[in-house]
Structures are given as structure tokens and as C-alpha cells.
Amino acid sequence: MLERTDVLDRVKALSLLPDGMHVTTATVAAYFGVSVEAIRQLKARHHEELSVNGMVTLKGPDLAEFKRDVLSRCPGNYPQPRSSLTLYSRRAVLNIAMLLRDSDVARQVRAYLLDMEYLARTQPVEAPAAPDAVSLDDRIDQRITHILGKTVVPMFNALIETSGEHRKELIALRAGVQRIEQRLHQHHQRLKRLEGVRDDRPSIGVMAAMDAMNGRTFEGHMAKLLRRDGCTDIVVVGGHGDRGVDIIGRTADGRRLVAQCKRFAPYLKITSSDIQKFIGSAKVLHSAEVALFVATCPFTPDALQLAAETGVIAVHRGMLEEWAAGEPLKILE
């Protein structure tokens, strides 16, 4: 049931922060019509469970980055947190709905979920399939073969044998039916290929998992990917005084590597000014032979052009998804 976060908006509209993924403690309290203190007490009692389902507390550099990238875009004078900020994903909010006692909204959410679960269990079906039954697509395919190949075509054969006047027309119709049967089989096989599991597709949820990370966790995840692809001496240096880079190390063949990691919302973009700042740090301060600018969002055309002209590898959202799903970066080979 924790996957049915759409239930939240069906019961009452949930206002998200500009990153499109999180809400604050105050917003959660307003949604459920309870005090902020009630949510804080619930958080204290069920901290581990809520953390597993997407609750995070930002402090220090992570909080400063979130203020700059997200809270600064809030309309009006948004109250600024002092030392920490707790954020809840939609899944964590749904988790709170399952735990919160004194809230009519929470009770409505639970009732909605229970009603859906009851209907799923009790709704009658005409012919329940056994666990090992033939799939619906295969049964449709078999039915097409039976009707066209075993019934219609033999009927034409019989008519052709007994009819002289309309023999040519019947032969043409039979050929048309056989072509239809062949095309239906071709389309069915094509659909099976398209819907089947492919090794070249990124794993489901790869980007969703990274979108849910904070800045420091994202940097650590990028370090793991670099080590996976044979890089050595990988050190995460992001934070205050990082001199414009987040990760340093060496490629498998010994080249000096530096990386900048930006976990931005998908609708934001890396600009040419971001690339310019990184070029100075990577090339001048760190003498990088391989410079990676990794982001969970796209790059502007100007940023991509500048990166190409200066030898910076722009790892945009699409490339990052493939890399995280197992495809190695060519520059590291």
C-alpha cells in the first residue's frame, strides 16, 4: 500500500516544495490538520521506519545547498530553517497517514486504501487463471490461429473445390485471410519483443533512487560508480573548502580524475557558468586529465558546447541513468 501515493491527492491536495518531491514538517501537519508538534512526536517514535520510506534531515552543507537550490524559489517569504530541516517524500507522508491517530484526513487515507484492497480481493472474475496458466496474449494468439487457420481457410478450400464461377475471387480472399493471419502473428511477436525485458534498458527506479538522495549521499554514490569502473584512490572531498570539485582520484590507467556532482531537480539545467567555474577548479587547481561534471538534470546547449570545447565530460541525466544501470563511461575505459 505504501506505493499508492496517489491516494494522498485523491483525499486532499498535497503541496510539494519546488523540487516536486518533498514537503516540510509544517506542510505535513497542515495536510493532516494536526499540530507541528504532533508530527515531530510521531517522527521521534517512528524515526527508523519513516527514514526507510523517504524522510531525511538536512544539516550543514546539504541544508545550505537545499536552501539555495529549492527554498530560494519558494513564493513569498518562506520561513528559513536555522540548523536543520526535515523533509518527507510522498511515500513518507503516506507512512504517516498509516501511523497518525488523531486526524480525520489520515483516517480517510487509510479508509481509501482499505477499500481499494477489499475491492481487489473480492471483485469477481470470470475465469481466474491458474498460476501456470497460458498468458492472455498467448491465448489470443492461439485463438487467432484456430479461427483463421483451422476454420476460415479450410472453408475457403472447400468452396474453391466446389465452385467454378467464383473460383478466382475465392482464391484471392483466401490469400487475403492468410496474409492477415501472418500479419497478426508478426504484430504479436513485435509486441512481445517490445514488452519483454531487455539488457540494454536502464533498470526501473535508477533515477528515482538518485533523485531521493541528498547532495552528500549522491556524491558517495558517484564514488561507488567510479570504483566499480576500475578507478582507484577515489576520495569524496565535497563540502566547505572543496576548491570546486567533489571527487578526486585516478582512472584505471592512472590518469588524474576530478568530478563535480550536482543532484538537481530534473527540470533544472546546468548552465555554461557552472561549467566555467568547474573548468578553473578542475584544470588549474587540480591539473585534471579527466574532468567529469555529473548532474541529475540536463545541460543547456551552451554548457554542452563549452564542455566539449574544454574537454569536460558532461554526464547529463540520460547518460547518468545508463551509467548507474551498468553501462561504463567510455572516458574511463
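See the structure shown above.
Residues numbered from 1 in each chain as written. Predicted model: local features only at pLDDT ≥ 70, side-chain atom pairs only at ≥ 80, totals over all residues. Heavy atoms only, no water.

K.L.:
Would you explain the pattern of salt bridges in this entry?
P.N.:
Proximity of charged atoms lets side chains of opposite charge pair with each other. Taken as a whole and judged by the stated rule, the model has six salt bridges. Taking the shortest distance from any N to any O, the salt bridge between Asp-211 and Arg-317 comes out at 2.7 Å. Taken as a pair, Asp-211 in helix H10 (residues 206-211) and Arg-317 in helix H14 (residues 317-324) lie far apart in primary sequence, 106 residues in all. For Asp-229, the salt bridge is made with Arg-228, and the minimal N-O distance between the two is 3.0 Å. By relative accessible area, Asp-229 is classed as buried at 18%. A residue is classified by how much of its surface remains accessible, and Arg-228, at 38% relative accessible area, is partly exposed. (Salt bridge = Lys/Arg side-chain N within 4 Å of Asp/Glu carboxyl O. Helix = DSSP H or I, 4+ residues; strand = E, 2+ residues; numbered from the N terminus. Buried < 20%, exposed > 50% of the residue type's maximum accessible area, 1.4 Å probe, protein only.)

K.L.:
Sorry, what's going on with empty space enclosed by the protein here?
P.N.:
Unfilled space is identified by rolling a water-sized probe across the atoms. Under the definition given, this model contains one cavity of 30 Å³ or more. Here the largest cavity is characterised by a volume of approximately 190 Å³. Forming the boundary of the largest cavity are 20 residues, of which Leu-58, Phe-66, Met-213, Asn-214 and Arg-263 lie nearest the centre. Within the residue set of the lining of the largest cavity, elements represented by two or more residues are strand E2 (56-59) and helix H5 (60-69). Of the residues forming the lining of the largest cavity, the biggest block, four residues, is contributed by H5. The class makeup of the residues in the lining of the largest cavity is 11 nonpolar, three polar and six charged. (1 Å grid on protein atoms, 1.4 Å probe; cavity = no way out; pocket = protein on both sides within 12 Å on 5 of 7 lines; lining within 4 Å. Points joined across faces, edges and corners; volume = space filled by probe spheres on them. Nonpolar A, V, L, I, M, F, W, Y, C, P; charged D, E, K, R; others polar.)

K.L.:
Mind showing me how you'd approach the pairing of strand E5 (residues 247-250) here?
P.N.:
A regular strand places its side chains so that they alternate between the two faces of the sheet. Here E5 shows one buried face, formed by Ile-247 and Gly-249, and one open face, formed by Ile-248 and Arg-250. Bridging between strand E4 (residues 232-236) and E5 involves three bridges; their strand directions are antiparallel. Bridge pairing in E5 links Val-236 to Ile-247. In terms of strand pairing, E5 meets strand E6 (residues 256-262) through four bridges, oriented antiparallel. (Pairing = 2+ DSSP bridges.)

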